There are 2 protein chains.
Amino acid sequence: MVELNEAKELIQTHIEDEDQAILTPYELAQHLKTVKAHDEELFADYLARLDPESLGDVAIELPEHMLKDVIETVPSEKMVQALEELESDDATELLKYIEDIDEEKAKELFDSLDEDDQSEILRLRSYDDDEAGAYMQTELFWATGDEITGDAVARLRELKSEGELENVSQLFIIDKDKILKFAVALEELILFDFTKSLDENIQKYDDIDKFKPHTAFDSDYIQDVVGVVEDYDLNVIPVIDSKGVLLGRITADDIHDFIQESATEQMYNLAGVSDEAEEEDTLVKAGKARAFWLLINLGTAIISSFIVGLFDEAIASYVALAILMPIVASMGGNTGTQALAVTVRRISLGEIEFKDAKHVLKREVSISLTNGIIFGIVMGLVAWAWFGAWLLGGVIALSMLINLCLAGFFGTIIPLTLKRLDIDPAVGSSVVLTTFTDSIGFFCFLGLAKWILL
Amino acid sequence: MVELNEAKELIQTHIEDEDQAILTPYELAQHLKTVKAHDEELFADYLARLDPESLGDVAIELPEHMLKDVIETVPSEKMVQALEELESDDATELLKYIEDIDEEKAKELFDSLDEDDQSEILRLRSYDDDEAGAYMQTELFWATGDEITGDAVARLRELKSEGELENVSQLFIIDKDKILKFAVALEELILFDFTKSLDENIQKYDDIDKFKPHTAFDSDYIQDVVGVVEDYDLNVIPVIDSKGVLLGRITADDIHDFIQESATEQMYNLAGVSDEAEEEDTLVKAGKARAFWLLINLGTAIISSFIVGLFDEAIASYVALAILMPIVASMGGNTGTQALAVTVRRISLGEIEFKDAKHVLKREVSISLTNGIIFGIVMGLVAWAWFGAWLLGGVIALSMLINLCLAGFFGTIIPLTLKRLDIDPAVGSSVVLTTFTDSIGFFCFLGLAKWILL
C-alpha cells in the first residue's frame, strides 16, 4: 500500500503544479496503473482532472485496457483537445491506438479535429510502418532564404510562445516551391547577422556545403534513415518527398525509441515472443503469442523425435546412443544459435545483406567447423572413456563435426534468406534452425552408429 | 575488383577534397579495409596522406590488427595531432585501444600531448566502463550568469572557428565555483536580449524552472542516465560531480551508440557470443570466445546425459522413452528462453529489478504453467496415438507440465538473481537455464516413466 500512497501523492502534485511537469508521461502512466488497480473511482477522478496536454502524452503510454477506460470516461471534447496538443506523429499514433479499441470513437474524434490536423494525420497515416514518413513530425521551423534573419527569429519566438514548436535545433530554408535548400543549425543561426537575410548570411561562408543537410525521403526505409542519423551523428533529419519538398523532420528522441524498440523486437522474436503482446498487462495475449511459437516448436520437436524413432532398434540394443544423442543435438543448437544471433544482428545494423552471403558463410562455417573439430575430438574422448568403446567415440566425434559445421551454415543462411524474402530475419529463425540442428544431429549420430557399430 | 576500385576512388576524393568530409569515419574505415586486403602499400600511402582529424576519427573505427598497422606506419607526431583533434572522450578511447596493442607507444603518445589534454584524459580514464563519467566530453559551451548574452555568443563564434566546439545545443551557466546553475537551450538563447546579462534574461521568465537541467552525476550508472535521456527526450545531458561542479556533457549520439552497443551485447551474450571478439576481423578471437561457451554447454549437456544414463535400463526396455524425451527437453528449453528473453530485456530497460521478483514470477509462471497444461495435454494425446499407450501419454503430459512450469520459473529467477549479484543478466543465463530445463525434463519424464510404467 505504500506504493499506492506514493503514486497518489505524485499524481496529485503533478496535477496541481501546472507550471512544471513533475512526472514524465511514462511515470504518470505507471502511477495511474497502480491507482487503477486499487481504486477505479480515484483513477477516473484523476483522468478528469488532468490537463489535455498531459492527458494526450499519458494516453500514448497506457496499455490497451487502460486506454479503453480513458476513452470511455473522458468526454470527447477533452480527447479532441488532447489530440490537438500532441505533435502530429504522436496524435496519429494515439488515434491509431483508439481505432484499435473503438473504430466509431476514433472516427468521431477525428471528425472533430480542425482541418489542418486532419490532413496532417491523413498524410502520416498513408505511410507504412517501415517508411520514414510514418515517423516524422510535421511541425517545423522554416523560412525562405530572402527572409531577414531577425524576422525568422521573431517568428520562432511567436511559434514557441504559442506552444506550436518544441525541441527546435534547426531552421530549414526552403524556396517558393517548398523545396528544401538548406538547414541551419541553431548554433550557426545564433552567429548570423540578424539584420541581413538568411541567404546573405549563408553566402558569406566559404563552405556553404555545411548548410546542405542530410535528408531522408518520406518513402525511405526507417531502418536506413536510422543508419544515416547514426553515421553522421545527427540530432534531427529533415524528411522530403521525391521532388525535394520539405515535409517534416525526425528527431533524435524518435530515433532512440525506434532503436530500443527494434532491439527489443529482435531479441523477443529470436526467443519466440511477441513484443506487442508482451507490452499488454493482461497475460492472455502474451501467453497466446508465446503458445503459437511453442506449438511450432512442438511440431518440429516431433519431427526430430520421429527421426529418433527410425532407429528404435539400434537404441534398444545399444542404450548408450540414447544417452549421448542429446549432446550432439544440444551442441549443434548452440553453435547454430551463435551464428544466428551474429547474422541477425549484423543484418539489422546494416553491416551485411544477402549479396555478402558467400563472405559471411565462409566466416561462420570456418568458425563452426573449427569448433566442430575441437569439440568432436573432446566429446569423442569423453564417450570413449565413459563407455569404454573407442568406435562409439569416433561416431560421436564425426557426427558432432558434421552437425556443428552444418549448424554454422544454417544459422547464417536462414536469416540471410529470410531477409532476402523481405521477412524479418529474427522471426521464427530460431525454431527453423533447431529443427535442422536437432534432426541432423540425431540422424547423423544414430545413422552413423547403426552403420558403423551395429 | 570493382569494389577495390570504388574504394580507392572514394578514399582519393575524400583525401583531396579538404573542405568536405565525403565519407563518414565508419565508411572510410570500411574502404581502407578493402584496400589493405589487396594492396598494403597503397594502404600505407593513404594513411600518410590523411589529415590528422580524419586519421583520428577513422582510427577509432578500425579493428585491432589495422590499428596496429596505423601506429606502426604513421609518425608519432601525426598521431599526437590526431589525438588532439579528437573530442576528449574519443581521444581517451583511442588511447585505450592503442594501449591494448602497444603500451610503450601509448605512453609515448600520451606524454607528447599538452597538459590540459593529459589531465582530461587522466580524469576520463579514472571512470569505470559503466559510469556516466566515462562517456562524457569535456568540451563545453559555458558562461557565468553575469556575462552579457552577446559576449557569450561572441565566444561561441570564436570557439567554433577554432574548432574547439561541435554539436552545441546548450549554454551551461555556472557560478564562480563552477557549480552548474542553469542550462539554456540554443532555441531559448537565440530569443534572449543580447545586450543584457544571461541572469537578467533568465529572471524575466515566469517559469525559470525550465532552465534547470536534468543532470547526471559522473558516478551514475550510464544505463540510468540513458533512462533519463529517454524519459525526457533530451538531446544532451550535463554531467556534474557530487558537489554540483560541471564536468562535461553526454550527447545524443553517444547515447545512440550506447543503446545500439548494449543491445548487441545483450543479444550476443544470450547466444553465447562475445560482442568484442566478433568485432575483430580475425576469426581466432571470435572462435575462441564462442568455443568457451560451447565448452560450458558441453559440460552441462554431459550432466543432462548423465541423468539420462541413470535410466538406461528403463530406456532399453521401453525405447519409446528415448524417442519422446527430446520433446520434453526442447519444449522446456523454449518456454524458459521466452521467459528469459523478456526478463533480461525488461531488466535492461529498467522496467523491473530484483525487488519486483514476486510480481514478475507470478506473471511468468502463470504463462508457462498455462502453456504447460495446454501442451502437456496435446503431447499426451499425440504420444497416446503414436505408441498406443495412454499411460505413456499421461507420463509425458505430467512431465511437460512440470518442466514448462519450472522453465518459466528459472527463466525469470536466473537473470533477476544475476542482476542482484551485479552480474550482467544476459551472460551465461541461457546455458544455466538449459542445464535446468534439460536435466529436469529428462529426470521428470524418465523418472515418472520408470515409476509409473515399469
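All chains use their own residue numbering, which begins from 1 and follows the written sequence. Throughout, the order in which chains and ligands are written sets their labels, letters from A for the former and numbers from 1 for the latter. Side-chain atom pairs in this predicted model are given and counted only at pLDDT of 80 or more, local residue features only at pLDDT of at least 70, and totals for whole chains, interfaces and linings cover all residues. Side-chain numbers come from the whole structure's heavy atoms, not from hydrogens or water.

A short note on the sheet that holds strand β2 (residues 170–174) of chain A
All names here are of chain A.
For step 1, the next point in the chain: Should DSSP find at least two bridges between two strands, the strands are regarded as paired. Helix and strand definitions follow DSSP, with helices as H or I runs of at least four residues and strands as E runs of at least two, each counted in order from the N terminus. Taken together, three strands build an open sheet; the order of strands is β1-β2-β3 and the sheet is mixed. Strand pairing shows two members of the sheet lacking a second neighbour, β1 (142–144) and β3 (180–185), which therefore form its edges. Going across the sheet, the axis of each strand differs from the next one's by a mean of 30°, ignoring polarity.
For step 2, the next point in the chain: With three bridges joining them, β1 and β2 adopt parallel strand pairing. Paired with W142 across the two strands is F172, which belongs to β2. Between N-to-C directions, angles cover 0 to 180 degrees, with each direction set by a line fitted to C-alpha atoms, over the stretch in contact for helices.

Brief notes about the packing of helix α4 (residues 52–61) of chain B against helix α7 (residues 88–101) of chain B
All names here are of chain B.
For step 1, the next point in the chain: Between α4 and α7, the least distance of the axes is 10 Å, while the angle of their chain directions is 55°. In terms of orientation, α4 and α7 fall into the oblique class. Here the hand of the crossing between α4 and α7 comes out left-handed. Residues G56, A59 and I60 of α4 touch α7, and the partners they reach there are D90, E93, L94 and Y97.
For step 2, the next point in the chain: Here the residues of the contact of α4 with α7 sort into four nonpolar, one polar and two charged. Roughly parallel covers angles under 35 degrees, roughly antiparallel covers those over 145, roughly perpendicular covers 65 to 115, and oblique covers all other angles. For a crossing to be left-handed, the near helix must be turned anticlockwise from the far one by less than a right angle; the clockwise case is right-handed. Working rule for contacts: check all heavy atoms of both residues, and any pair within 4.5 Å makes them a contact. Residue type decides the class: Asp, Glu, Lys and Arg count as charged, Ala, Val, Leu, Ile, Met, Phe, Trp, Tyr, Cys and Pro as nonpolar, and the leftover types, Gly among them, as polar.

Re the UniProt feature "transmembrane region" (unreviewed entry) in chain A
All names here are of chain A.
For step 1, the next point in the chain: Sites flagged by UniProt as "transmembrane region" (unreviewed entry) map to residues 291–311, 317–344, 365–387, 393–418 and 430–453.
For step 2, the next point in the chain: Across residues 317–344 one finds 93% helix and 0% strand; the C-alpha atoms that close the span lie 42 Å apart.
For step 3, the next point in the chain: In this annotation, residues 430–453 is assigned 100% helix and 0% strand; the end-to-end C-alpha distance for the span is 33 Å. UniProt positions are given in the numbering used here, feature names are shortened, and annotations may be inferred rather than shown by experiment.

Brief notes about the relation of the copies chain B and chain A
Between the two copies of the chain lies a rotation about an axis combined with a shift along it.
For step 1, the next point in the chain: Here chain B sits on chain A after a turn of 180° about the axis and a move of 0.0 Å along it, with an RMSD of 0.1 Å. In short, the pair behaves as if placed about a two-fold rotation axis. No C-alpha of chain B lies nearer the rotation axis than that of A316 of chain B, which sits 2.4 Å from it.
For step 2, the next point in the chain: A share of 100% of interface residues in chain B that are also interface residues in chain A marks the association as one of identical surfaces. The copies were overlaid by least squares, fitting only the C-alpha atoms of residues that reach a pLDDT of 70 or more in each copy.

Brief notes about the UniProt feature "domain: CBS" (unreviewed entry) in chain A
For step 1, the next point in the chain: In this structure's numbering, the residues bearing the UniProt feature "domain: CBS" (unreviewed entry) are residues 208–265 of chain A.
For step 2, the next point in the chain: Between the end C-alpha atoms of residues 208–265 of chain A there is a gap of 41 Å, over a span that is 41% helix and 22% strand.

A word on the layout of surface pockets
All names here are of chain B.
For step 1, the next point in the chain: Here a cavity is any set of points on a 1 Å grid over the protein atoms alone where a 1.4 Å probe fits but cannot get out, and a pocket is any open set with protein on both sides within 12 Å along at least 5 of 7 lines; a residue lines the site when it has an atom within 4 Å of a point. Grid points are joined across faces, edges and corners, and a volume is the space filled by probe spheres set on the points. In this structure, the second largest pocket encloses a volume near 510 Å³.
For step 2, the next point in the chain: Around the second largest pocket sit 21 residues that line it, and E84, D117, E120, E139 and E164 are the ones nearest its centre.
For step 3, the next point in the chain: Put simply, the parts of the chain that give the lining of the second largest pocket at least two residues each are α6 (76–85), α7 and α9 (115–125).
For step 4, the next point in the chain: At four residues, the largest contribution of residues to the lining of the second largest pocket is made by α9.

Focus on the packing of helix α8 (residues 103–112) of chain A against helix α9 (residues 115–125) of chain A
All names here are of chain A.
For step 1, the next point in the chain: Two elements in contact, α8 and α9, have axes separated by 8 Å at closest approach and are oriented at 130°. Taken together, the axes of α8 and α9 lie oblique to each other. Of the residues in α9, those touching α8 at F110, D111 and S112 are Q118, I121 and L122.
For step 2, the next point in the chain: When the residues that make up the contact of α8 with α9 are grouped by side-chain class, the tally is three nonpolar, two polar and one charged.

Let's talk about the interface of chain B and chain A
For step 1, the next point in the chain: Listed per partner, the contact involves 95 residues of chain B and 95 residues of chain A.
For step 2, the next point in the chain: Buried area between chain B and chain A, both sides added, is near 8800 Å², and the carbon and sulfur share of it is 63%.
For step 3, the next point in the chain: What gets called buried area is simply the loss in accessible area from a 1.4 Å probe that two parts show on being joined, summed for both. The largest contributions to the chain B side of the interface with chain A come from E187, I190 and M267 of chain B, which together make up 8% of the buried area.
For step 4, the next point in the chain: We define a salt bridge as a side-chain nitrogen of Lys or Arg found within 4 Å of a carboxyl oxygen belonging to Asp or Glu. Across the salt bridge formed by E364 of chain B and R290 of chain A, the nearest N and O atoms sit 2.8 Å from each other.
For step 5, the next point in the chain: Partitioned by chemical class, the residues of the side of chain B that touches chain A number 52 nonpolar, 20 polar and 23 charged.

Describing the sheet that holds strand β5 (residues 236–240) of chain A
All names here are of chain A.
For step 1, the next point in the chain: Read across the sheet, three strands follow the order β4-β5-β6 without closing on themselves; strand pairing throughout is mixed. A strand with exactly one partner marks an edge of an open sheet, and here the two such strands are β4 (216–217) and β6 (246–251).
For step 2, the next point in the chain: Of the pairings in the sheet, the one linking β5 to β6 comprises five bridges and is antiparallel in character. Bridging from a neighbouring strand, V236 pairs with T251 of β6.

Things to note about helix α13 (residues 222–231) of chain A
For step 1, the next point in the chain: Listed as buried for α13 of chain A are I222, V225, V226, V229 and E230 of chain A. Along the axis of α13 of chain A, the buried residues cluster in a sector spanning 140°; they form a single face.
For step 2, the next point in the chain: In this fold, the buried residues of α13 of chain A make contact with β4, β5, β6 and α14 (252–270) of chain A together with α14 (252–270) of chain B.
For step 3, the next point in the chain: At the C-terminal side of α13 of chain A, D233 of chain A shows a positive phi close to 50°. Three labels apply to residues, based on accessible area from a 1.4 Å probe with only protein chains included: buried if under 20% of the type maximum, exposed if over 50%, partly exposed otherwise in between. This arc is built from the directions going out from the helix axis to the C-beta atoms.

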